[in-house]
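What follows is each chain in one-letter form.
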Number of protein chains: 2
Amino acid sequence: MSEAPVPTGLFSGITRLDHVGIACRDLDASIEFYRSTYGFEVAHEEVNEEQGVREAMLRVNGTDDGGATWLQLLEPTRPDSPVAKFLERHGEGVHHLAFGTSDVAASAAEVGGRGVRVLGDGPRPGTAGSSIVFLHPKDCGGVLTELVQSAR
Amino acid sequence: MSEAPVPTGLFSGITRLDHVGIACRDLDASIEFYRSTYGFEVAHEEVNEEQGVREAMLRVNGTDDGGATWLQLLEPTRPDSPVAKFLERHGEGVHHLAFGTSDVAASAAEVGGRGVRVLGDGPRPGTAGSSIVFLHPKDCGGVLTELVQSAR
């Protein structure tokens, strides 16, 4: 694409595609696929007990807001977790998109004010100390969408 | 995410997440959703007759390889197109991920050499004069994956 940049983040505070969440059955195998195929390396791994996932973040590129775009590989840790249910219904594949903002509460309020349902009761802990909300996929053209504010 | 950057593109020539392809039934409605919800604007629209899609590219952010990350909204133009079949099976949602490279033929050869099936007989026309290949989703953890080289 060679067109001139278009200003973004005019309303919502969104300044980057932060990550793509990918559901997998075997995290280690998925990490090895992305490492050996593309050269992406794991920058961070953790278990998020609330969401019932073991996950790894692989950095793809830096972004012009000072952040980065990552692949987030997600393996369920229990059969009743959302990612386990996703795998049951859809098999492995893209689970969600996450847009980065410097103020997730403000962005969620803006987006919620435009009729998009924001799930839960406000921001909760995401990867590596980040704060996140999820938006209802039915209000987002079938795309489970996360808004994320990095730790700092 | 606050970890130090990890070098990427060590093997495959991949330097960015170029775009996320999103299948929709009504391109104009989808464009309006992303504009009014997040402030993303259309930078480019076209019809790709070979792939049977009408599409719009919305810029999300710039990337540190000098490119950008886009959302690519895809509406089928005929019922036998791959995107129409995807909508029939899955409904609206994320259709594919596209990784950017400066040499799609070389990247496809590298990736193909690691046992990932590269679809078709070499690069073909993508959005805005780009050259693209698709990789078999069964070899990519359920993710339909595109490699893309921008026009220039």
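Calculation notes
Residues numbered from 1 in each chain as written. Chains lettered and ligands numbered in written order. Predicted model: local features only at pLDDT ≥ 70, side-chain atom pairs only at ≥ 80, totals over all residues. Heavy atoms only, no water. Pairing = 2+ DSSP bridges. Helix = DSSP H or I, 4+ residues; strand = E, 2+ residues; numbered from the N terminus. Contact = heavy atoms within 4.5 Å. Axes fitted to C-alpha atoms, helices over the stretch in contact; angles between N-to-C directions. Expected span 1.5 Å × (residues − 1). Buried < 20%, exposed > 50% of the residue type's maximum accessible area, 1.4 Å probe, protein only. Arc of directions from axis to C-beta. Least-squares fit on C-alpha atoms with pLDDT ≥ 70 in both.

Trainee: Residue-level account of the sheet that holds strand S4 (residues 68-76) of chain B, with values.
Mentor: Residue and element names in this part refer to chain B. The strand order S2-S3-S4-S1-S5-S8-S7-S6 describes an open sheet built from eight strands, whose pairing is mixed. At either margin of the open sheet sits one strand with a lone partner, and together these are strand S2 (42-48) and strand S6 (124-125). Examined bridge by bridge, S6 and strand S7 (residues 131-135) share two bridges and lie antiparallel to one another. Bridging from a neighbouring strand, Pro125 pairs with Ser131 of S7. On the sheet, helix H3 (residues 104-112) packs against strand S1 (14-23), strand S5 (93-101), S7 and strand S8 (145-149) and is oriented at approximately 145 degrees with respect to S8.

Trainee: Please provide a residue-by-residue account of helix H1 (residues 27-38) of chain A, values included.
Mentor: All names here are of chain A. Look at H1: 16 Å from first C-alpha to last across 12 residues, which is about the 16 Å you get at 1.5 Å a residue. If you check which residues of H1 are buried, you get Leu27, Ser30, Ile31, Phe33, Tyr34, Thr37 and Tyr38. Down the axis of H1, the sector holding all buried residues measures 155 degrees, keeping them to one side. Count one or two residues on from H1 and you reach Gly39, which has phi positive near 85 degrees.

Trainee: Describe unusual backbone geometry, with residues and values.
Mentor: Phi at Ala128 of chain A takes a positive value of approximately 55 degrees, unusual for a residue other than glycine. Looking at the element boundaries, Ala128 of chain A is found in the loop between strand S6 (124-125) and strand S7 (131-135).

Trainee: Go over the relation of the copies chain A and chain B with me, naming the residues and quoting the values.
Mentor: Superposition of chain A onto chain B requires a rotation of 180 degrees combined with a translation of 0.0 Å along the rotation axis, giving an RMSD of 0.0 Å. Put plainly, the chains are arranged around a two-fold axis. Every residue of chain A has its C-alpha some distance from the rotation axis, and the shortest such distance is that of Thr63 of chain A, at 2.3 Å. When you check the interface residues of chain A against chain B, 100% turn up at the interface there too, and the contact is symmetric in its surfaces.

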